[in-house]
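Notes for the structure review
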Amino acid sequence: MGEQFSPDEKFSLITRNLQEVLGEEKLKQILQERELKVYWGTATTGKPHVAYFVPMSKIADFLKAGCQVTILFADLHAYLDNMKAPWELLELRVQYYEQVIKAMLESIGVPLDRLKFVKGTDFQLSREYTLDVYRLSSIVTEHDAKKAGAEVVKQVEHPLLSGLLYPGLQALDEEYLKVDAQFGGVDQRKIFTLAEKYLPSLGYTKRIHMMNPMVPGLTGSKMSSSEEVPLADSKIDLLDKKEDVKKKLKKAFCEPGNIQNNGVLSFVKHVLLPLNSEFVIKRDPKWGGDKVYTDFEEVEKDFAEEHIHPGDLKASVEVALNKLLDPIRKKFDTPELRKLTSSAYPNLSKNSEFNRIFGGAKKDSVHWQHLHKSASKGNPQNKPEEEIIPSRLDLRVGKIVSVQKHPDADSLYLEKIDIGEEQPRTVVSGLVAYVSQEQLQDRLVVLLCNLKPQKMRGIESQAMLLCASVEGEPRQVEPLDPPEGSAPGDRVYVEGYESGKPDDELKSKKNVFEKLRVDLKISAECVAKWKENDLMTKLGKITCKTLKGGNIS
């Protein structure tokens, strides 16, 4: 299948849309000599969703370039990662993953006979592999193991030893699967560099590592299948009905002109265009009619310049996505696969934290009794999830000391905002269409200051300027207003949550702000609220001027 391509063409196809490749020269050398052997692994935890089409489309690229591809169902890893998959459900979840991923690959036209499927426990429990785990544990430091898993393994206050083993096992998989390269998300980079550092110490070859960017979900942050209690509207399940797809896409984060953290646009870039070689924006003739795109940069440019409306983008993605999901829905519309789905992902009681994690454990086991007693005492160390509460947000009053147009984006402002620190922070905001420069200059605003800095058209934005908004034609947006007399750096808090300490940095993997944002609203009195609680400073309430009933983002 890759015979018609030259080595350079294969390299281009293998690496397109990747964020990073470690070992490019080695990759080029192998392609000059033979076909590349590559593997992609997935821990069998939560239900795969539409973001899984991103690695699937890269697997299609690998096969087109003639690569020998192995897909690893990492069941043991799923258990080691803070027991995201109870032992009793591992086999059922492997079966579910195998069925649903094969259905995804078939829906995008990938021939399954050219793929090799492997289950982790088929080789990870062997004598040789186990001895290599011990050998590796004798040379890897606790610091390196913890650092390697920081972006992948669930982080808790008192981590289990199993989470420290996880990165080393993933490194060993490269040797035992006899591959040249491992493919994964850029969040696995630290695991990849651990493998490059330590495998040669065991006498094994350093492998190539190829990384996809972390594609934003519908809320604007990374989508992960392993979140057991996800935000209901943040992920489109592969088996969602068409009406549910429409509903979730309608609520997706997709601000006019904003191309940063835009999950809808990212899906076009990483899935729809690579698979179909074109993407069609469907719209009413009075708004220009349908337009066919073959280059993502043109899609991105038109959206940034607001030639593509978010509603038209979402509707067009909805049509293309349902074409991918229809064969999967049809395959799973059988008694056998419906039973497998419900068995692999039982609807456990939401009121029992213990049952949610250890639902399959036998009640007569000593292990169960010990855990049950600990949980019943209400020991906070046994909480499986950090609380999602508004005190974790570092909200502050800021004063805009300068504002100008972004040099590379007509829809964005570049602002310098004083938040009481030694130097003003640089903030990029998509307010050009809604607020004039004169209205922003010297204005007091509310900022979320502990998001991870993000580059927006090449310039790093170090905070988020919070605004009220009302959807419609036209869309209306207003910055939030601190109380009169406020000063840069004044703390903004939610009434009733004054005493909590903000996170140093909100980890994108945790979706803290996205989960809290759902309940951020403007009241009928134009007061900013989280649920029924006012947003405040020591001087009074946070408000907006006119957008009653609006959202806050």
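As the structure is a computational prediction, the values presented were derived from the model and not from experiment. (Residues numbered from 1 in each chain as written. Predicted model: local features only at pLDDT ≥ 70, side-chain atom pairs only at ≥ 80, totals over all residues. Heavy atoms only, no water.)

Examining the overall build of the protein
Tallying secondary structure elements over the protein gives 18 helices and 23 strands in all. Taking contacts inside the protein between residues at least 6 apart in sequence as the whole, the part at least 24 apart equals 71%. For the protein, the exposed area adds up to about 26000 Å²; of that, 49% sits on carbon and sulfur atoms. (Helix = DSSP H or I, 4+ residues; strand = E, 2+ residues; numbered from the N terminus. Contact = heavy atoms within 4.5 Å. Areas by Shrake-Rupley, 256 points an atom, 1.4 Å probe, with all protein chains shown as cover.)

With respect to the nonpolar core
Leu 36, Phe 53, Met 210 and Leu 313 are the most contacted members of the largest nonpolar core, which has 75 residues in total. The greatest single-element share of this core, amounting to eight residues, is contributed by helix H5 (residues 90-107). Those residues in contact with Phe 53 that lie beyond four places of it in its chain are Met 104, Ser 107, Ile 108, Leu 238, Phe 267, Val 271, Leu 321, Leu 324, Leu 325 and Ile 328. (Core = buried A, V, L, I, M, F, W, Y, C linked by side-chain atoms within 4.5 Å. Buried < 20%, exposed > 50% of the residue type's maximum accessible area, 1.4 Å probe, protein only.)

Describing the packing of aromatic side chains
Per the counting criterion, the structure on display carries nine aromatic pairs. Ring geometry for Trp 40 against Tyr 52: centres 6.3 Å apart, planes inclined by 80°, an arrangement best described as edge-to-face. Taken as a pair, Trp 40 in strand S2 (residues 37-43) and Tyr 52 in the loop between S2 and helix H3 (53-64) lie far apart in primary sequence, twelve residues in all. The pair Trp 40 / Tyr 52 is uniform in exposure class, with both members buried. Geometrically, the ring pair formed by Phe 73 and Phe 117 is stacked, given 6.0 Å between the ring centres and 5° between the ring planes. Highlighted residues: Phe 73 in strand S3 (residues 68-74) and Phe 117 in strand S4 (residues 115-119), separated in sequence by 44 residues. For Phe 73, a relative accessible area of 2% puts it in the buried group. Given the relative accessible area of 22%, Phe 117 is considered partly exposed. Grouped by ring-pair contacts, the aromatic residues Trp 40, Tyr 52 and Tyr 97 constitute a single cluster. The aromatic ring of Phe 11 is capped on one face by Lys 28, whose charged end is 4.9 Å from the ring centroid. When the ring centre of Phe 117 is taken as origin, the NZ or CZ atom of Lys 102, which lies over that ring, is 4.8 Å away. (Phe/Tyr/Trp six-rings, centres within 6.5 Å; stacked < 30°, edge-to-face > 60°. Lys NZ or Arg CZ within 6 Å of the ring centre and 35° of its normal.)

Let's talk about helix H6 (residues 127-137)
The periodicity of an α-helix, 3.6 residues per turn, causes residues three or four places apart in sequence to face the same way. Taken as a whole, H6 has its buried residues at Tyr 129, Asp 132, Val 133 and Leu 136. The buried residues of H6 occupy an angular sector of 105° when projected down its axis, which confines them to one face. Opposite the packed face of H6, turned more than 90 degrees from it, sit the exposed residues Arg 127 and Tyr 134. Where H6 is buried, its residues touch helix H8 (161-176) and helix H9 (189-198). (Arc of directions from axis to C-beta.)

What to know about the packing of H5 against helix H14 (residues 335-344)
One way to put it is that H5 packs onto H14 with a least axis distance of 9 Å and a crossing angle of 130°. It follows from the interaxial angle that H5 and H14 lie oblique. For the element pair H5 and H14, the recorded crossing hand is left-handed. Here H5 contributes Leu 92, Arg 93, Gln 95, Tyr 96 and Gln 99 to the contact with H14, which in turn contributes Leu 337, Leu 340, Thr 341, Ser 343 and Ala 344. (Axes fitted to C-alpha atoms, helices over the stretch in contact; angles between N-to-C directions. Parallel < 35°, antiparallel > 145°, perpendicular 65-115°, else oblique. Left-handed = near helix turned anticlockwise from the far one by under 90°.)

Quick word on the environment of Arg 491
Mapped onto the secondary structure, Arg 491 falls in strand S18 (residues 491-494). Under the relative-accessibility criterion, Arg 491 is labelled partly exposed at 33%. Placed 45 residues apart in sequence, Arg 491 and Met 536 show a C-alpha to C-alpha distance of 8.4 Å. The residues touching Arg 491, leaving out its near neighbours within four places in the chain, are Leu 395, Tyr 497, Glu 498, Gly 500, Met 536 and Thr 537. A polar side-chain atom of Arg 491 sits 2.6 Å from the main-chain carbonyl oxygen of Glu 498. (Polar contact = N/O pair within 3.5 Å; in protein donor to acceptor, adjacent residues only side chain to side chain.)

Topic: the pattern of salt bridges
Pairs may arise between side chains of opposite charge once their charged atoms sit close together. Under the criterion given, the structure shown has 32 salt bridges. Across the pair Asp 534 and Lys 541 runs a salt bridge, and its minimum N-O distance is 3.4 Å. Three or more residues joined by partner-sharing salt bridges are found here, namely Asp 394, Arg 396, Glu 421 and Arg 425. (Salt bridge = Lys/Arg side-chain N within 4 Å of Asp/Glu carboxyl O.)

Regarding unusual backbone geometry
For Arg 457, which is not glycine, the phi torsion reads 55° and is therefore positive. Along the polypeptide, Arg 457 turns up in the loop between strand S13 (454-456) and strand S14 (459-461). The exposure class of Arg 457 is partly exposed, given its relative accessible area of 30%. Even without being a glycine, Cys 526 presents a positive backbone phi close to 65°. Inspection of the secondary structure puts Cys 526 in the loop between strand S19 (520-522) and strand S20 (528-530). By relative accessible area, which is 7% here, Cys 526 ends up buried.

Section: the environment of Glu 174
By secondary structure assignment, the location of Glu 174 is in helix H8. Using a relative accessible area of 0% as the deciding quantity, one classes Glu 174 as buried. Distance from Glu 174 to Val 38, taken between C-alpha atoms, is 9.0 Å for residues 136 residues apart in sequence. Side-chain polar atoms of Glu 174 contact the side chain of His 209, separated by 2.5 Å.

So, the pairing of strand S17 (residues 476-479)
For strand S16 (residues 467-470) and S17, the ladder comprises four bridges, and the chain directions are antiparallel. Its bridge partner lying in S17, Ala 468 is registered against Glu 478. In textbook terms, the turn of a hairpin is the stretch between consecutive antiparallel strands, and for S16 and S17 this stretch comprises five residues, one of which, Gly 472, has a positive phi near 145°. (Pairing = 2+ DSSP bridges.)

Some thoughts on the sheet that holds strand S6 (residues 208-212)
Strand order across the open sheet formed by six strands is S1-S6-S5-S2-S3-S4, with mixed pairing between neighbours. Since the sheet does not close on itself, it has two edges, and those belong to strand S1 (20-22) and S4, each with one partner. Taking the axes of each pair of neighbouring strands and ignoring which way they run, one obtains an average angle of 25° across the sheet. Examined bridge by bridge, strand S5 (residues 181-185) and S6 share five bridges and lie parallel to one another. Paired with Gly 184 across the strands is Met 211, a residue of S6.

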